[in-house]
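# Residue-level structural notes
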Amino acid sequence: MGLALTLGCAGEAGTAEALDENAHDFSVAPGEANHEEITRAALGFLKPAVLNTLVAGNVAADGKLALINAAHFDDCNFRGGAAFVAAKQAEAVRALGPGIALLDGDLLAMAAFAHSLHAVQDFYSHTNWVELGGDVLVDESLGAFPALTPYAAIPSTGFIVVQGPKPRGTAVARDADAPYPEYAVVTVRHQRTTAPGLVSGTVGYEPGNHCPAPVAMSHEELNKDSSTVAARAEQHQAAEALAIRQTRHEWCRLNQLARDAWGDAGAERLAAWVADPGAAPDCGVD
């Protein structure tokens, strides 16, 4: 399947064919197309070969990064997850620099960006963000993806990041006997203040569980990966909608980071990925 697409400078032959071939290296398992659907819904303004490559890289993360909990925001590894997203997007920006051949750089950038998208999409499905009533994005800044510091509040919601040993004077609790979604509500008490606590599900085959025992839930108990998970269809829809919004925002973040690093040349590299500028988000990139 050939696509009449060139990215960047004229004369860079083979870009379309190489991207198209790369996009067929991986496939989505039957009935598990959520990452594909979210990515296509959020970034449908991109050229088909670019979008196919991002989808392939995103879906491949479940295999290539299966044992890395930070890549999926599992096991309450919020510090690691945020660092993973920031590192992958920084890797994408470096690949867009003038020192790397155009095609090689674009492919490297797409692969790294796709992995960052997988993580931010998983954030909403694998955590109790939705169950706590979160209906805004975890972050809407245009700088590097921010740190998620254990037992600090997330500015957009005030949720407290629950990860690792509790500070002195802090208690965490949830009602494990309550029905869903109430059993997923975690409370963090510190001195005289109380706030919702953000946790994610534990995955036995991923090394490094950072969830305190009193509030730990397995991935099976908490995930909203599919609308067919019993009694979680509403939460799945909410998580999916947030993941789409976050994915669109990460495109804006990538544009800002590329401009910060490489000036107009960085912005032009990403503009060459776009098929329909009118459908792209208004990023307000400086």
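See the structure shown above.
The numbers attached to residues start from 1 for each chain and follow its sequence in the written order. Local features in this predicted model are restricted to residues of pLDDT 70 or higher, and side-chain atom pairs are both shown and tallied only at a pLDDT of 80 or more, whereas totals for entire chains, interfaces and linings draw on every residue. The basis for every side-chain value is the complete set of non-hydrogen atoms in the structure, without hydrogens or water.

### Structural notes on the state of the cysteines
Here is the rule: For the purposes of this analysis, a disulfide is any pair of cysteine sulfur atoms at a distance within 2.5 Å. Segments assigned H or I by DSSP are reported as helices when at least four residues long, segments assigned E as strands when at least two residues long, and all are numbered from the N terminus. Relative accessibility thresholds used throughout: buried, under 20% of the residue-type maximum; exposed, over 50%; partly exposed, between the two (1.4 Å probe, protein chains only).
On inspection of all chains with the given rule, the structure shows two disulfides. Between the sulfur atoms of Cys 76 and its disulfide mate Cys 211 the distance is 2.1 Å. Here the S-S torsion is close to 100 degrees, and the disulfide linking Cys 76 with Cys 211 is therefore right-handed. With a gap of 135 residues between them, Cys 76 in the loop between helix 3 (48-64) and helix 4 (78-95) and Cys 211 in the loop between strand 4 (193-198) and helix 6 (219-222) connect regions that are remote in the sequence. Note on accessibility: Cys 76 and Cys 211 belong to one class, buried. Here Cys 252 engages in a disulfide with Cys 283; their sulfurs sit 2.0 Å apart. Residues Cys 252 and Cys 283 share a disulfide whose torsion about the S-S bond is about -70 degrees; that sign makes it left-handed. With Cys 252 in helix 7 (residues 233-262) and Cys 283 in the segment after helix 8 (264-271), this pair connects stretches of sequence that are 31 residues apart.

### So, the environment of Ile 38
Quick reminder of the rule: The contact criterion used is simple: two residues touch if any of their non-hydrogen atoms lie within 4.5 Å.
Within the secondary structure layout, Ile 38 lies in helix 2 (residues 34-42). C-alpha of Ile 38 to C-alpha of Leu 117: the two residues are 79 residues apart in sequence and 9.8 Å apart in space. Those residues within four positions of Ile 38 in sequence are excluded, and the remaining contacts are Gln 121, Glu 240, Ala 243, Ile 244 and Thr 247.

### Some words on helix 3
The criterion, for reference: Multiplying one less than the number of residues by 1.5 Å gives the expected span of a helix.
Compared with an ideal rise of 1.5 Å per residue, which puts 17 residues at 24 Å, helix 3 spans 24 Å between its outermost C-alpha atoms and is within 8% of the ideal. With 13 of 17 residues buried, helix 3 lies mostly within the body of the structure.

### So, helix 8
One full turn of an α-helix is made of 3.6 residues, so residues set three or four places apart face in the same direction. The condition is simple: Regarding the arc, it is the one traced by the directions from the helix axis to the C-beta atoms.
Taken together, the buried positions of helix 8 are Gly 266, Ala 267, Arg 269 and Leu 270. Looking straight down helix 8, one finds that the buried residues subtend no more than 155 degrees of arc, so they occupy a single side. In helix 8, the exposed positions that point more than 90 degrees away from the buried face belong to Asp 264 and Glu 268. Of the surrounding elements, those touching the buried residues of helix 8 are helix 4, helix 5 (102-126) and helix 7.

### Overview of the layout of surface pockets
How we decide: Put plainly, a pocket is an open set of points on a 1 Å grid over the protein atoms alone with protein on both sides within 12 Å along at least five of seven lines, a cavity is a set where a 1.4 Å probe fits but cannot get out, and a lining residue has an atom within 4 Å of a point. Grid points are joined across faces, edges and corners, and a volume is the space filled by probe spheres set on the points. Under this grouping Gly is polar, as are all residues other than the nonpolar Ala, Val, Leu, Ile, Met, Phe, Trp, Tyr, Cys and Pro and the charged Asp, Glu, Lys and Arg.
Estimates place the volume of the largest pocket at around 510 Å³. Of all elements in the fold, only helix 2, helix 3, helix 5, helix 6 and helix 7 reach the threshold of two or more residues within the lining of the largest pocket. By residue number, the principal contributor to the lining of the largest pocket is helix 5, which donates five residues. Looking at the lining of the largest pocket residue by residue, the class counts come to nine nonpolar, eleven polar and ten charged.

### Considerations on the packing of helix 2 against helix 7
Here is the rule we go by: Helix axes are fitted only over the stretch in contact, all axes being lines through C-alpha atoms; the angle between N-to-C directions runs from 0 to 180 degrees. Any angle that falls under 35 degrees is termed roughly parallel, while one over 145 is termed roughly antiparallel, one within 65 to 115 roughly perpendicular, and all others oblique. Crossing handedness follows the turn of the near helix against the far one: under a right angle anticlockwise gives a left-handed crossing, and clockwise gives a right-handed one.
Following both chains from N to C, one finds helix 2 and helix 7 inclined at 50 degrees, their axes separated by 8 Å at the closest point. Classified by the angle between their axes, helix 2 and helix 7 sit oblique to one another. Note on packing geometry: the crossing formed by helix 2 with helix 7 is right-handed. When helix 2 is examined against helix 7, the residues Asn 34, Glu 37, Ile 38, Ala 41 and Ala 42 are found in contact with a partner set consisting of His 236, Glu 240, Ala 243, Ile 244, Thr 247 and Arg 248. Tallied by class, residues from the contact of helix 2 with helix 7 come to five nonpolar, three polar and three charged.

### Some points on the pattern of salt bridges
This is how the line gets drawn: Here, a salt bridge means any side-chain nitrogen of Lys or Arg that lies within 4 Å of a carboxyl oxygen of Asp or Glu.
If you walk through the whole model with that rule in mind, you get seven salt bridges. In this structure, Lys 224 and Glu 131 form a salt bridge, with 3.0 Å as the shortest nitrogen-oxygen distance. Linking Lys 224 in the loop between helix 6 and helix 7 with Glu 131 in the loop between helix 5 and strand 1 (160-161), this pair joins segments that are 93 residues apart in sequence. Note on Lys 224: relative accessible area 1%, which makes it buried. What emerges from the salt-bridge pattern is a single network uniting Asp 139, Glu 250 and Arg 253.

Read these as geometric descriptors, not functional statements.
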